Amino acid sequence: MIRPSRGLRGINARELWAFRWLILTLTARHIQVRYAQTLLGIGWAVVQPVISVAIFTVVFARFARIPSDGKPYQVFALAALVPWTYISSAVSTASGSLSASSAMVTKVYFPRLALPISYIFSSLIDFVIGLALLLSMMFWFRIAPAASSVVAVPFLVLAMMLTATGVSCTLAAFDVEYRDVRHVVPFLLQAWMYASPIVYPMSLVPDKFRQLYALNPMAGIIEAFRAVLLGTTAVDWRALAVSVAVSLALCVFGLMVFRYRERVFADVV
Amino acid sequence: MSRTAVRTERLGKRYRIGQTRKTRMVQPTLSETLIAALKAPFVSVLDRGGAGAADRRGEKSVIWALENVSFELLEGEVLGVIGRNGAGKSTLLKILSRITEPSCGWAEIDGRVGSLLEVGTGFHPDLTGRQNVYLNGTILGMDRREIARRFDEIVEFSGVGDFIDTPVKRYSTGMHVRLAFAVAAHFEPEVMIVDEVLAVGDAEFQRKCLAKMDDVARAGRTVLFVSHNMNAIQRLCTRCILIDQGKIVADGPTADVTARYLAEGFARTVKSGPLEWIVLNSVEHAGTGQSRFASLRYGSDNATVGHHAYTDGPLQVTLEIVSDKPRRVGSLAVTVNDEHGTVLVNADSVELGVSVDLRRGTTFLALQIETLHLKPGTYVIGLWLAEATHEPVYDYIQSACPLEVVDLQGTALGSRTIGAVSTTFSWHEAREPI
């Protein structure tokens, strides 16, 4: 039945499931295309964080003398950069996913959510490689992750993906019509990065502002990620709870906006 | 008794003027929208372009791309959708394939829908043919097992062969299109929606596509087929609807509807049609321009086909030539080319050994071709005006306007569409080798 829709629409999970092959194939395509015709190939997923860590170490540890909760700054920074790189790569690719595939959007029907979602998945490849890099660096520095991290890391990854989904879907829904979004995204990501405990520890934030600070979902998630893997501090459960709640809310909000705008995508893209 | 496969009821689609990409080159920026939102606070940024926005803004700024479209299609029927460019055909197909939502009315489709609105949608240049087959197939709604099962068949049909593991950016355009069509053609939905796929590819491949579409139709699947190619429409469709300005203006047997379309001159593109002065301002001219073609008119003697050119019929072409001074020219020619630009007919005054006198200002000249030995199809008229066989060339237009050659007899068209030249022939047993 095809008829005009009104108001807010829910997520059609059954349809998304029916198109799971498309999501998988798109995800595979992004990964294949990303490193096509490059010399280093997937090696870029290693080179980029290594260089960032080197720069951060010089600028923030040596010059600015920012504390790193008693761990080597390189590991400290990398442990945060791994989840952050995921967010940054997922948001920057997924937010432009609809306008980048405008030919597909105007010529074929498929659940439009498949496009941003496929980037949410494909960006995980960098995360996995980054995580491997982090683990080897931890081994080098003789830092053992807490046993609880086996449970905690997947949970944090899920929260991180929810955050990325919420932000990307909102941005993607507007990017279809307003290409202003692509100019906003780099600034947004930069501001967001400095608003997250990446180059500095959350312990620098005064106690009374912690809850407020944790409204940035990545703050609680990154700090918890670092706490379970490196044992820098005890997990700040209250901050984590606030962050996860915000990431859930963001995800629901993003999906609603996306579904609301979806009906005009093919007409305005 | 067949079941209803597709049914639409008072289907309508309205666009805000400037909203479609065709009419608006530059997208509105966020600031423009914010300013508009401040001026009219009840129109939210979220709802821009939404169904409700147009009402509040008043009806002046909207156009109806489709209005009150109701029809019913039985299972196994092959419906042709014809009409001029911009009549609303593509909008209808887009609604039926759920790419865009209707503004009002509803449609109901029974069964899996496959739409082929453009060949090769979603092909990625950096991926190999194999990877693209899988990608394209899943976009069309197939699952991987289904594609794997048909994979060899698809490659075979496309004729891409060993190049299947080469990135498609290294493919020729022909290979690209063939592979894409092969994927789509092997996807077997109950209802198939096809838009102008035959506009691409070489003649051989087009024939293969038509044959494949024939199979699909004969297999009892329901097909909606949009094309400007009347021959393909007549060959494939049992029934046609004619759309003009968003409304269905005719619905009936293919022969009746296509005849009406041709007769009413619907077949003309923006600047073409029999017995109509076609102004040559916007086409590409070469040459000095001291004498130049200003407009042309063509037609045949047959009113039942709307004075279109027809196979083995005559063709008259009248030219309006504007000259800066009186001039005697040795070479005035009208050519008829195929879609690849191959010259099939060259009616050049040089061959007759006559020269033509042009007055200062406007001169009208007429060409009479007694018999046009061209099979039905779309050709292109070209024009040439030169001092003698070569320099100086005053005016040269490679593509002045399209020329539709139609079939007068209405005989089995499939047998006549191969080859460009029509001839008379017979077959008999040879008694001995010559």
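Above this text you will find the structure in question.
Everything in this summary refers to the structure shown in the same document. Keep in mind that this is a model prediction, so the values were computed, not measured. (Residues numbered from 1 in each chain as written. Chains lettered and ligands numbered in written order. Predicted model: local features only at pLDDT ≥ 70, side-chain atom pairs only at ≥ 80, totals over all residues. Heavy atoms only, no water.)

## Structural notes on the nonpolar core
Where a protein is soluble and globular, its nonpolar side chains tend to be buried together. Heads up, the rule is: Side-chain atoms within 4.5 Å are what join buried Ala, Val, Leu, Ile, Met, Phe, Trp, Tyr and Cys residues into a set we call a nonpolar core. Classification of residues uses two cut-offs on accessible area relative to the type maximum, computed with a 1.4 Å probe and protein chains only: under 20% is buried, over 50% is exposed, and between them is partly exposed. Contacts are assigned to residue pairs that have any heavy atoms within 4.5 Å of one another.
Membership of the largest hydrophobic core comes to 83 residues, with the highest contact counts inside it found for B:V6, B:F71, B:L92, B:L96 and B:L224. Beyond its immediate stretch of four places on either side in the chain, B:L96 contacts A:I2, B:V6, B:T8, B:F71, B:A107, B:I109, B:V113, B:I193 and B:L224. Listed in part, the 62 residues of the second largest apolar core include A:A80, A:Y119, A:I143 and A:A219.

## A closer look at a nonpolar patch on the surface
Applied cut-off: The residues that make up patches have over 30% relative accessible area and no salt bridge, and they are joined within 9 Å when like-charged or within 5 Å when they are Val, Leu, Ile, Met, Phe, Trp or Tyr. Computed with the Shrake-Rupley method and a 1.4 Å probe, the accessible areas treat only the protein chains shown as cover for residues. The salt bridge definition used is simple: a Lys or Arg side-chain nitrogen within 4 Å of an Asp or Glu carboxyl oxygen. Helix and strand labels come from DSSP, where a helix needs a run of H or I of at least four residues and a strand needs a run of E of at least two; each type is numbered from the N terminus.
Judged by side-chain polarity, A:I51, A:I55, A:V58, A:V59 and A:F63 come together as a nonpolar surface patch covering roughly 470 Å² of accessible area. Mapped onto the secondary structure, A:V59 falls in helix α3 (residues 44-63).

## Here's the deal with the sheet that holds strand β3 (residues 78-82) of chain B
All names here are of chain B. Formally: Between any two strands, at least two bridges found by DSSP are needed for them to pair. Geometry is summarised by axes, namely lines fitted to C-alpha atoms with helices restricted to the contacting stretch, and by angles between N-to-C directions that run from 0 to 180 degrees.
Across the sheet, 6 strands lie side by side as β5-β6-β7-β3-β8-β9; this open sheet has mixed pairing. The sheet is open, and its two edges are formed by β5 (113-116) and β9 (247-253), each paired on a single side. Across the sheet, the axes of successive neighbouring strands diverge by a mean angle of 15°, strand direction being ignored. Relative to strand β7 (residues 222-226), β3 runs parallel, the two being bridged by 4 bridges. Each residue of the ladder has a partner; that of V78, found in β7, is V223. Where helix α3 (residues 89-96) meets the sheet, its contacts fall on β3, β5, β6 (191-195), β7 and β8 (239-244), and the angle it forms with β6 comes to roughly 150°.

## Concerning the packing of helix α9 (residues 149-175) of chain A against helix α13 (residues 237-262) of chain A
Operational definition: A clockwise turn of the near helix away from the far one marks a right-handed crossing, whereas an anticlockwise turn of less than a right angle marks a left-handed crossing.
At a minimum axis separation of 7 Å, α9(A) and α13(A) run at an interaxial angle of 35°. Between α9(A) and α13(A) lies a crossing of left-handed hand.

## Focus: the packing of aromatic side chains
Short version of the rule: Note on ring pairs: Phe, Tyr and Trp rings are taken, using the six-membered ring of Trp, and paired if centres are within 6.5 Å. Classes follow the plane angle, with under 30 degrees stacked, over 60 edge-to-face and the rest tilted. Think of it as a cone above the ring: NZ of Lys or CZ of Arg counts as a charge over the ring if it is within 6 Å of the ring centre and within 35 degrees of the ring normal.
Taken as a whole, this structure holds 9 aromatic pairs over all chains when the rule is applied. When the ring of A:Y86 is compared with that of A:F127, the centres are 6.4 Å apart and the planes differ by 75°; the resulting orientation is edge-to-face. You can see A:Y86 sitting in helix α4 (residues 73-94) and its partner A:F127 sitting in helix α8 (residues 124-140), a full 41 residues away along the chain. When sorted by exposure, A:Y86 lands in the same class as A:F127, which is buried. Where B:W277 meets B:F364, the ring centres are 5.7 Å apart and the plane angle is 65°; that geometry is what we call edge-to-face. In this pair, B:W277 sits in the loop between α9 (254-263) and β10 (278-279) while B:F364 sits in strand β18 (residues 361-372), placing the two residues 87 residues apart along the sequence. Three or more aromatic residues joined by ring pairs make a cluster, and in this case those are A:Y86, A:F127 and A:F225. In this structure, A:R263 is placed above the aromatic ring of A:Y260, and the distance from its NZ or CZ to the ring centre is 4.8 Å. Above the face of the A:Y109 ring, B:R98 is positioned so that its terminal group lies 4.3 Å from the ring centre.

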